[in-house]
Amino acid sequence: MSVQKVGCSRGQQKKVNRKLAKFQHVIKKEAGVNSSPIPTNNLAICNAGLVNGLTEESIFEYFSEFGPLSDILLLPGKSCSFLAYEDVKCAVAAYNALNGKLDIAQYNRPIYLLYVDQLPRLSETTIWDKLPPGLIIINDFISTAEEESLLKLCSFRDQLCGIMKNRLVEHFGFEFRYDINNVDKDKPLSCNVPCETNFLWARLQQTHPEFGQFQPDQLTVNCYSPGQGIPHHVDTHSAFESPIMCLSLASTIVMEFKNEGLHICSLLPRRSLLIMSGESRYNWTHGIVPRKFDVIRNKSAVGFTCLKRETRISFTFRKVLHGDCKCSFKAKCDQMKQNNINGNVAAQLEALHVHEVYENIADHFSDTRHKPWPNVLEFVQSFTYGDILVDVGCGNGKYLGHNKYIFDIGCDRSTGLVDICRGKKVETFITDCLSIPINDQYVDGVISIAVIHHLATEERRLKAIKEMVRILRIGGKGLIYVWAHEQIKNQKKSSYIMQCRKNRKETTLKHLDSSEGRQEVPLPGGIELPVHANRSNFKASDVLVPWKLKDDNKTFLRFYHVFGEHELEKMCQQINNIEIIRSYYDQGNWCISFRRVE
Ligand SMILES: O=C(O)CCC(=O)C(=O)O
Ligand SMILES: [Fe+2]
Ligand SMILES: [Zn+2]
């Protein structure tokens, strides 16, 4: 391949030729075009483009003096750009005058030019003229005076203004927590959505009555300096209703929307209102690429130019969702993923995130389980001469051997834990609580402490209770403990929340330390579950609770379904042949004692 001659000294010429030889490969790789050994109408500017701040205007300014231009093409994310002259003579004149000399982008470097066969073809995957379904942009929604007064509402001063990696944020009404991608629905902030924003909804009612009912109770103010952005995301379904409204203040910006290979770029002009509803709210991601310039389509719809970003402030107005998300966009619905545990997935989830975990942590777990809970002990001691008592899911056997008049026997799913029991000389066998190898109506008592919350569907939890009832003789008694969703009750923290600190000090147990978030390991059936932060109140009913092993740094995630108030009671009420003796809350657990009646 030959390289075009440049009018300069021999030494300089050599240097230029070396550079041009390199740039032939760059433009081929970046834009898919071939350089031409003979002059053509088309020139590539090899080392200046949108990424280093080149604008269509400056190309026009420098190159049009050699003759009329027929095209200018700047490419998103590229450091090369292209132009075409109507006449090849003009291209030659520009080439000879500017190659290796002109500092077009004002960054103290000369530009390098190559003749090319043709201008690159634009990627067809990015769409500019359409909007995702359900998305509306209302230009000039507010005046400049209104923009100014709205900007005064955000202070970025108080403690709720978090400094994020990418931008400044401030929340009103409810804090949006980026660690759990949700809001604490039972913890509203003291500062409501400012009433100075109410005029927006009255105005919207006039032109878009379908959104007339919109009354947000949550506002997130984002402040983006040039160069900052927000990663692609769907606003958490379980957190907010539809629609979501974003007001753009102080700078125009390009927002991108993506869904199944489609990629739409759209301009959010300063003072415009963006409305995301329906599919655009639930099924498309939105994001802002962190950059200092936005690439926007020319008015002629041929080629692009770039627009310098200013600091942009956006007001995102949302309404907190109470209850479940009812959308029909399963793939993007966090709620659906949480609720989507079917029987098959449940068994796999329990195998991986209950059984396997207990096998791995058995010794360490056992070291932390010594003291029997008094109410359970009292129940165990209520049995008399010759009674048979079974502890379903006996763990390390801490409730066995406390009543010398009875025959008590434990069972557990974990080989490791049953081994520990054997070492203590208490009777145990290995079984699954869903099918206990004991005849119907055989025993006088059954206890199951902190076990059935490890079952992943209500159906399986109910089956486990029915299995305990099955082996109980008529008149026999049972006791069930499950972990409660409510760990702080009547302003009192449960022993779980309290104990953790104590344990940490006394025995330097590290397993209770963790931070909350979404699980990163893939779960069976593609479900997603939040990872619970130990020592905190539960944010969801189905969660993964971390267990950090004492000796190595390994963390295991145990599945839990934490029970809401009355949930266990309601399940027991579905079982005809029992009568509830006592239903109570004990140390962060919901508890039921019952009697078999027929
Ligand atoms: O800045 C914006 O317009 C969008 C902000 C956003 O998407 C969010 O906070 O969820
Ligand atoms: Fe968002
Ligand atoms: Zn949803």
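The shown structure was predicted, so the numbers you read here are calculated from the model rather than taken from an experiment. (Residues numbered from 1 in each chain as written. Chains lettered and ligands numbered in written order. Predicted model: local features only at pLDDT ≥ 70, side-chain atom pairs only at ≥ 80, totals over all residues. Heavy atoms only, no water.)

1. Remarks on the overall build of the protein
- If you tally the helices and strands in the protein, you get 13 helices and 33 strands.
- The buried share of the protein, taken over its 598 residues, is 54%.
- Here the contacts in the protein between residues at least 6 apart in sequence split such that 68% fall between residues at least 24 apart.
- Taken as a whole, the protein presents about 28100 Å² of accessible surface, with 50% of it coming from carbon and sulfur. (Helix = DSSP H or I, 4+ residues; strand = E, 2+ residues; numbered from the N terminus. Buried < 20%, exposed > 50% of the residue type's maximum accessible area, 1.4 Å probe, protein only. Contact = heavy atoms within 4.5 Å. Areas by Shrake-Rupley, 256 points an atom, 1.4 Å probe, with all protein chains shown as cover.)

2. Brief notes about the site of ligand 1
- In the neighbourhood of ligand 1, the contacting residues comprise Asn222, Tyr224, Ile230, His233, Asp235, Cys246, Met255, His286, Arg312, Ser314, Thr316 and Arg318.
- At 2.5 Å, a side-chain N or O of Tyr224 approaches an oxygen atom of ligand 1.
- Burial of ligand 1 by the protein chains amounts to 97% of its free accessible area of 300 Å².
- Counting only elements with at least two residues in the shell around ligand 1, the list comes to strand E11 (218-224), strand E12 (230-233) and strand E20 (312-318).
- With 4 residues, the top contributor of residues to the shell around ligand 1 is E20.
- A class-by-class count of the residues in the shell around ligand 1 yields 4 nonpolar, 5 polar and 3 charged. (Near = heavy atom within 4 Å. Polar contact = N/O pair within 3.5 Å; in protein donor to acceptor, adjacent residues only side chain to side chain. Nonpolar A, V, L, I, M, F, W, Y, C, P; charged D, E, K, R; others polar.)

3. With respect to the pairing of strand E16 (residues 273-276)
- Residues Leu273 and Ile275 of E16 are buried on one face, and the alternating residues Leu274 and Met276, pointing to the opposite face, are buried as well.
- Direction of pairing for strand E6 (residues 135-138) relative to E16: antiparallel, over a ladder of 4 bridges. Its bridge partner being in E16, Ile138 is matched across the sheet by Leu273.
- Sheet analysis places strand E13 (residues 244-249) next to E16, joined by 4 bridges and oriented antiparallel. Of the residues in E16, the one forming a bridge with Ile244 is Met276. (Pairing = 2+ DSSP bridges.)

4. Here we look at a positive patch on the surface
- Together, Arg10, Lys14, Lys15, Arg18, Lys19, Lys22 and Arg109 give the surface a local cluster of positive charge.
- Secondary-structure assignment places Lys22 in helix H1 (residues 10-31).
- With relative accessibility at 48%, the residue Lys22 sits in the partly exposed group. (Patch = residues over 30% accessible without salt bridge, like charges linked within 9 Å, V, L, I, M, F, W, Y side chains within 5 Å. Salt bridge = Lys/Arg side-chain N within 4 Å of Asp/Glu carboxyl O. Lys, Arg positive; Asp, Glu negative; His and termini not counted. Charge placed at Lys NZ, Arg CZ, Asp CG, Glu CD.)

5. Digging into the coordination of the iron ion (ligand 2)
- The iron ion (ligand 2) binds to the protein through His233 (NE2), Asp235 (OD) and His286 (NE2), with metal-donor distances spanning 2.1 to 2.2 Å.
- Within one chain, the residues donating to the iron ion (ligand 2) are spaced in sequence as H-x1-D-x50-H. Pair noted here: Asp235 is in the loop between E12 and E13 and His286 is in strand E17 (residues 285-288), with a separation of 51 residues, a long-range link.
- When its relative accessible area of 4% is taken as the criterion, Asp235 is described as buried. (Donors = N, O, S within 2.8 Å, 3.2 Å for Na, K, Ca; no water.)

6. Notes on the environment of Ile27
- In this structure, Ile27 sits in helix H1.
- Along the primary structure Ile27 and Lys78 are separated by 51 residues, whereas in three dimensions their C-alpha atoms are 9.7 Å apart.
- Among residues more than four places away in sequence, those in contact with Ile27 are Gly32, Val33, Ser35, Ala44, Cys46, Cys80, Leu114 and Val116.

7. Here's the deal with the coordination of the zinc ion (ligand 3)
- Looking at the zinc ion (ligand 3), the protein donor atoms are His237 (ND1), Cys325 (SG), Cys327 (SG) and Cys333 (SG), and they sit 2.0 to 2.5 Å from it.
- Viewed at the metal, the 4 donor atoms of the zinc ion (ligand 3) are separated by angles of 95 to 125°, and the geometry they form is tetrahedral.
- Between consecutive donors of the zinc ion (ligand 3), the numbers of intervening residues give the motif H-x87-C-x1-C-x5-C. Pair noted here: His237 is in the loop between E12 and E13 and Cys325 is in the loop between E20 and helix H7 (334-339), with a separation of 88 residues, a long-range link.
- Residue His237 is classed as buried on the basis of its relative accessible area of 1%.
- Residue classification places Cys325 among the buried positions, given a relative accessible area of 8%. (Tetrahedral: all angles 85-135°; square planar, octahedral: opposite > 155°, others 65-115°.)

8. Quick look at helix H2 (residues 56-63)
- Among all positions of H2, only Glu56, Ser58, Ile59 and Phe63 are buried. Projection of H2 onto a plane perpendicular to its axis shows the buried side chains occupying an angular sector of 165°, all on one side. What points out from H2, more than 90 degrees from its buried face, is the exposed set Glu57 and Glu61. (Arc of directions from axis to C-beta.)

This is a description of form; function is not addressed.
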